[in-house]
Every structure is written in C-alpha cells, then in structure tokens.
Amino acid sequence: MTATRTAWHIPRYGRPEILTPVTLPMPQPGPKEVLIRIHASAVTRADGMMRKGEPLFARPFLGLRRPRNGLSGTGLSGEVLAVGHEVSRFAPGDMVFGEAGMRFGANASHICLDEDGVLMPKPDSLSHEDAAVLCDGVLTSWHFLRNLGEVQSGDRVLILGGAGSLGSAAVQIAAALGAEVTATSSARNTSFVASLGATRVIDYSSEEALQAGAGFDVIFDTLGVASFSAARPALAEAGRYLCPVLTLRRLPAIMFSSLVGRKRALFAAVGLEKPPRLQAMLSEILTQIDQDRLTPVLDRIYPLSDLIEAHAYVEAGHKRGNVVVV
Ligand SMILES: NC(=O)c1ccc[n+]([C@@H]2O[C@H](COP(=O)([O-])OP(=O)(O)OC[C@H]3O[C@@H](n4cnc5c(N)ncnc54)[C@H](OP(=O)(O)O)[C@@H]3O)[C@@H](O)[C@H]2O)c1
C-alpha cells in the first residue's frame, strides 16, 4: 500500500471555507531534504492573506488566479522521520521546528524541507505548539526591534497593538532589551499586555498613544493601524517608525523618509531574509526563551481537521498571541 499524508489545499483565493482537506502521496526527501512528521503548525494572519491572495500587488509572486503552490501553512514543529543522503545537520528522531516559506504545506501531517532552510533543532523544554509559532510574531518582532529599530536599553518604545502575535512578542522583547515600553490594547487585554512587560498600556480606542512630543525612540505599529505621518510627531528626533504591514499608501514613506530629517519609516519582509540570517536570529530567540526573558503566547489550539475554524478565528482579528493546529 502506498504511504500517504494529509494536507490542506487552497484551490482558489477565497474565504476560509475554500480550504479543502486532501490526501497526497508521502513525499520522499531529496538528497538535502528531511521528511518531518508535523506535530503542530501555526495559523497566522499571513496564512490568511495567502489564502485570500492579498495584497493584490503580491499576486505575481503568489499566483495570479490561484495560489501557485496551493497548500496551506508555513510555521511548523515536528519530528524528523527520514533524511536524504547528503543531510548532515539532522538525523531521524530529531525534534525540529521551522518555516516552510514559499514551499507552504505546513498545515499537514508530513512535509519535506531543505536542511539548509529555516529549520532548527527544537529544545526539549519547548513544546511543539510553542515552537511552531516562533517563526511568525516572535521572529518578526525580533527582527524589527533588534535589527531595524536597533532598540537599546533605556529607549522609549511604543508598541501599537500589544496583544496579537507580533505585539505580545514585541512587548516582551523590548522590555528584555531594557526599553521603557508603552503599548496599546483593548480594555479586555490591558492587564495581559502589562503582564508581558509594558509599563503603560493605553486603550487603542483613544488617540492618546500618538500625542505630539511623546518622544518615542521607536514606534512599532504591529498591525498597520497608524501611518508614518500620524506617528511622526510622537517620535523623538531620530526616532524610527516600524511597520510590518506593507500597503501602497505606506510605500512612499518607507522609500523617501530618509530624504527629509532624521525620522525614518522602516519595513522588512522577514520571510525574505536569507535562511542563515533567520537561523541566527532563531538561535538568539531560543536563548531568550531559555533565560525566561521571552515566552511565546498561545491563544487557541485546534485539531488539524478544524483548520477552517482556525482560519476564521484568526481572520476575525481578535486573537491574543498565536493560534496552532495539532
Ligand atoms: N512584514 C513581515 O515580515 C510580517 C511577518 C508576519 C506578520 N506580518 C503582519 O503583521 C500584522 C500583524 O499580525 P498579528 O498576527 O500580530 O496580528 P493579530 O495577532 O491577528 O492581531 C490581533 C490583535 O490585535 C488587536 N487589535 C485589533 N485592532 C487593534 C487596534 N486598532 N489597535 C491595537 N490593537 C488592535 C486585537 O485586540 P482586541 O481583540 O482586543 O481587539 C488582537 O489582540 C499582520 O498584518 C501580518 O500580516 C508581517
């Protein structure tokens, strides 16, 4: 009997209900690949955007009329079952976590990934559920705050949206770097965001966070709820406005802010960084977790068979931290 795996197919762009469970032949690892039995995989805002084919200007890369790859999911954690004959970093039985990237297909029972891709040994102390979400909010916020924002001890940092996947990681990372952290959230998440390390939490329905003269060294707009021009007056002299959400309206500020004054608007697509750089960042993140300076936040855990419900929940925009399927 031929071995099979289960996965979720995206036959065309659309609502969560478009997701279709499929049974596929078990992939065989190539010379530099490892076959992984997936224990947990993330369901992220980015996964929802791939499913919808948004933003439209990304379709030349994603596929014009339907997703080019067609399978759902990117972040995962699991166990190595088999390795190709040129693989040297991993062996069967190893626990690993990482990111399928543009290969997709992490919301599945099995996957083959390149050993030189974004694939890391999973520490025993970290659950598969926690490890599966590291490449989303935690890795993204780490890159934005450490490498783009260059947050230093004593900096004044504002996190717009402190309760989501990026925000819950960003508050912890900025606090661990020694920054004085202000964050926004709804009233229901105030004490949760404060428990992550924010010294001040402002209700996002008020205009208070972006007051002129607030003097923030870094404003990290995790959800793209503001704009560079709205954030500018609240920035210090050489302050940085960081936003992971790229829109056509935000593009001119990102391209041209360096031409006027010292305040900057900065963007990065973290998934497009080279795997060795992402591996190095994940090693630093594992050290932070090991030192109890950072804990991934899990909101809901669904069975893999409930991927449609998981997508619908994420799309509602009110998750606290991260969502996984197991
Ligand atoms: N550039 C990159 O490389 C990159 C990588 C990963 C993700 N991203 C992008 O980053 C964005 C954020 O993703 P995420 O997963 O962190 O989001 P998320 O977890 O889905 O955000 C949900 C949270 O945002 C809160 N929220 C809603 N409206 C808000 C507002 N106006 N102000 C403050 N908080 C608000 C919600 O709180 P309530 O429920 O209390 O309303 C909820 O806790 C997405 O657009 C994603 O595509 C970019």
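Every value quoted in this text rests on a predicted model; they were computed, and no experiment measured them. (Residues numbered from 1 in each chain as written. Predicted model: local features only at pLDDT ≥ 70, side-chain atom pairs only at ≥ 80, totals over all residues.)

Trainee: Is there a simple way to think about helix α4 (residues 134-148) in this case?
Mentor: For an α-helix the count is 3.6 residues per turn, leaving residues at separations of three or four pointing the same way. α4 sits mainly inside the fold: 12 of its 15 residues count as buried. Buried residues of α4: L134, C135, D136, G137, V138, L139, T140, S141, W142, H143, F144 and L145, and no others. One or two steps after α4, the chain reaches E150, where phi turns positive at roughly 50 degrees. (Buried ≥ 20, exposed ≤ 12 C-beta atoms within 10 Å, placed from the backbone. Helix = DSSP H or I, 4+ residues; strand = E, 2+ residues; numbered from the N terminus.)

Trainee: I keep staring at the site of the ligand and nothing clicks. Help me out?
Mentor: Near the ligand you find 32 residues, and of these G164, S165, S186, Y204 and H318 are the closest. Shared between two domains, the shell around the ligand takes at least three residues from each, and those domains are domain 1 (4-133 + 297-325) and domain 2 (136-271). (Near = placed C-beta within 6 Å. Domains from an automatic or database assignment.)

Trainee: What is the right way to read the sheet that holds strand β13 (residues 264-266) from this model?
Mentor: In sheet architecture, strand pairing relies on hydrogen bonds along the backbone and comes in two forms, parallel and antiparallel. In space, the 6 strands of this open sheet follow the order β10-β9-β8-β11-β12-β13, with parallel pairing throughout. Across the chains shown, the open sheet's two edge strands, defined by having one partner strand only, are β10 (200-203) and β13. The mean angle between the axes of side-by-side strands here comes to 20 degrees, regardless of whether they run parallel or antiparallel. Here 4 bridges tie strand β8 (residues 156-160) to strand β11 (residues 216-221), and the two strands are oriented parallel to one another. Bridged to L158 within β11 is I219. Here α4 sits on the sheet and contacts β11, β12 (235-242) and β13; the angle it forms with β12, its principal contact strand, is near 150 degrees. (Pairing = 2+ DSSP bridges. Axes fitted to C-alpha atoms, helices over the stretch in contact; angles between N-to-C directions. Contact = placed C-beta atoms within 7 Å.)

Trainee: What am I meant to see in the domain arrangement of the chain here?
Mentor: How large an interface is tends to be reported as the accessible area lost when its parts come together. Under the domain assignment used here, the chain contains domain 1 (4-133 + 297-325) and domain 2 (136-271). Spacing between the C-alpha centres of domain 1 and domain 2 amounts to 28 Å. Listed as interface residues are 12 residues of domain 1 and, on the opposing side, 12 residues of domain 2. For the side of domain 1 that touches domain 2, a count of residues per class yields 5 nonpolar, 5 polar and 2 charged. (Nonpolar A, V, L, I, M, F, W, Y, C, P; charged D, E, K, R; others polar.)

Trainee: Is there a simple way to think about the pairing of strand β5 (residues 95-99) in this case?
Mentor: Two faces make up the sheet, and in a regular strand the side chains alternate between them. Among the 5 residues that make up β5, 4 are buried, leaving the element largely enclosed by the rest of the structure. Pairing analysis gives 5 bridges linking strand β4 (residues 75-83) to β5, with the strands arranged antiparallel. Residue G75 lies in a different strand from β5, and its bridge partner there is E99. One ladder, built from 3 bridges, connects β5 with strand β7 (residues 119-121); its direction is antiparallel. Bridged to G98 within β7 is L119.

Trainee: Sorry, what's going on with the packing of helix α1 (residues 45-52) against helix α10 (residues 307-315) here?
Mentor: At a minimum axis separation of 9 Å, α1 and α10 run at an interaxial angle of 105 degrees. Classed by the angle they form, the pair α1 and α10 counts as roughly perpendicular. Within the contact between the two elements, α1 uses R45, G48 and R51 and α10 uses H311, V314 and E315. A breakdown of the residues in the contact of α1 with α10 according to their chemical character gives 1 nonpolar, 2 polar and 3 charged. (Parallel < 35°, antiparallel > 145°, perpendicular 65-115°, else oblique.)

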